[in-house]
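Residues per chain are reported as follows:
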Amino acid sequence: SLDNKKTIGDAVEQAMVAAKSGEAANIGTTLHSLTEQVDAGGDIEWMPTDLRADLEAYKRAMVDIQILSSETFIVQDQIKCAGTFDRLVRLPDGRIMVADVKTGQNEPQYPHATATQIAIYSRGHLYTPESGRVGSLADLGVSTTTGLMIHMPAKTGTCTLYEMDLVTGWTLATVAYEVRLMQKSKPIAPYTPAPF
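This report concerns the structure included in the present document. No experiment lies behind these values; they were computed from the predicted model shown.

What follows deals with the sheet that holds strand β1 (residues 66-76). One open sheet accounts for 7 strands, arranged β5-β4-β1-β2-β3-β6-β7; its pairing is mixed. Looking along the sheet, the strands with just one partner apiece sit at the ends: β5 (132-136) and β7 (160-165). Within the sheet, the average angular offset between the axes of one strand and its neighbour, ignoring direction, is 45°. Alignment of strand β3 (residues 96-102) against strand β6 (residues 146-151), held across 4 bridges, turns out to be parallel. Bridging from a neighbouring strand, Lys 102 pairs with His 151 of β6. On the sheet, helix α3 (residues 112-122) packs against β1, β2 (81-90), β3, β6 and β7 and is oriented at approximately 140° with respect to β3.

Summed over the entire model, instances satisfying the criterion amount to 2 aromatic pairs. Relative to Tyr 127, the ring of Phe 73 has its centre 6.0 Å away and its plane inclined at 65°; by these criteria the two rings are edge-to-face. Taken together, the positions of Phe 73 in strand β1 and Tyr 127 in strand β4 (residues 125-128) put the pair 54 residues apart, joining distant regions of the chain. Classification of Phe 73 as partly exposed rests on a relative accessible area of 35%. For Tyr 127, a relative accessible area of 30% puts it in the partly exposed group.

Here we take up the pattern of salt bridges. This model, assessed by the stated rule, comprises 7 salt bridges. Lys 155 serves as the salt-bridge partner of Asp 50, at 3.2 Å between the closest nitrogen and oxygen. Taken as a pair, Asp 50 in the loop between α1 (5-39) and α2 (52-61) and Lys 155 in the loop between β6 and β7 lie far apart in primary sequence, 105 residues in all. Assessed through its relative accessible area of 46%, Lys 155 is described here as partly exposed. The partner of Arg 95 in a salt bridge is Asp 93, with the nearest N and O atoms 2.9 Å apart. You can call Asp 93 exposed: its relative accessible area is 52%. Through salt bridges with shared partners, one network takes in Asp 93, Arg 95 and Glu 163.

Rules behind the numbers
Residues numbered from 1 in each chain as written. Predicted model: local features only at pLDDT ≥ 70, side-chain atom pairs only at ≥ 80, totals over all residues. Heavy atoms only, no water. Pairing = 2+ DSSP bridges. Helix = DSSP H or I, 4+ residues; strand = E, 2+ residues; numbered from the N terminus. Axes fitted to C-alpha atoms, helices over the stretch in contact; angles between N-to-C directions. Contact = heavy atoms within 4.5 Å. Phe/Tyr/Trp six-rings, centres within 6.5 Å; stacked < 30°, edge-to-face > 60°. Buried < 20%, exposed > 50% of the residue type's maximum accessible area, 1.4 Å probe, protein only. Salt bridge = Lys/Arg side-chain N within 4 Å of Asp/Glu carboxyl O.

These figures capture arrangement, not role.
Shown next, in the form of structure tokens:
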């Protein structure tokens, strides 16, 4: 009812929350794209002024890390999924690992999803539509035990690198896969009284 001010107020509040959520997602997508330009040597001075501090922080954090690949598609046969990871990087100590850029505020407090995501990628096969599977990341020397979270919460001017435990991440991925399989079964049947 239009004369119910509480209902209208609640609807407006929900719309505002949804708009903020959409804005955060758009900023995250923009930052992902701009970090690729930074990796390619793009001039931060030409980038949006409200994101320059974030991009400068990213550049400082990544100064000693070599980008081997960006936005690379993989398939993971064991748990039947596919996706595109953000970066394949070589650390100064020579380790090669999958890295994921995260722009949310609370990613380090809730790392399980990121560890799971990177663990899946690290155990995947490179894939192109023309050639199909062209090699597993593990066979190319990519770590399946450690990954990298590049945490640059939007509009904070900070970027922190975190090593991710991919053994735990893979355990979570396989448990989730088993749960998904079990959800396809129907553990229910109509009750039929037993004859006396």
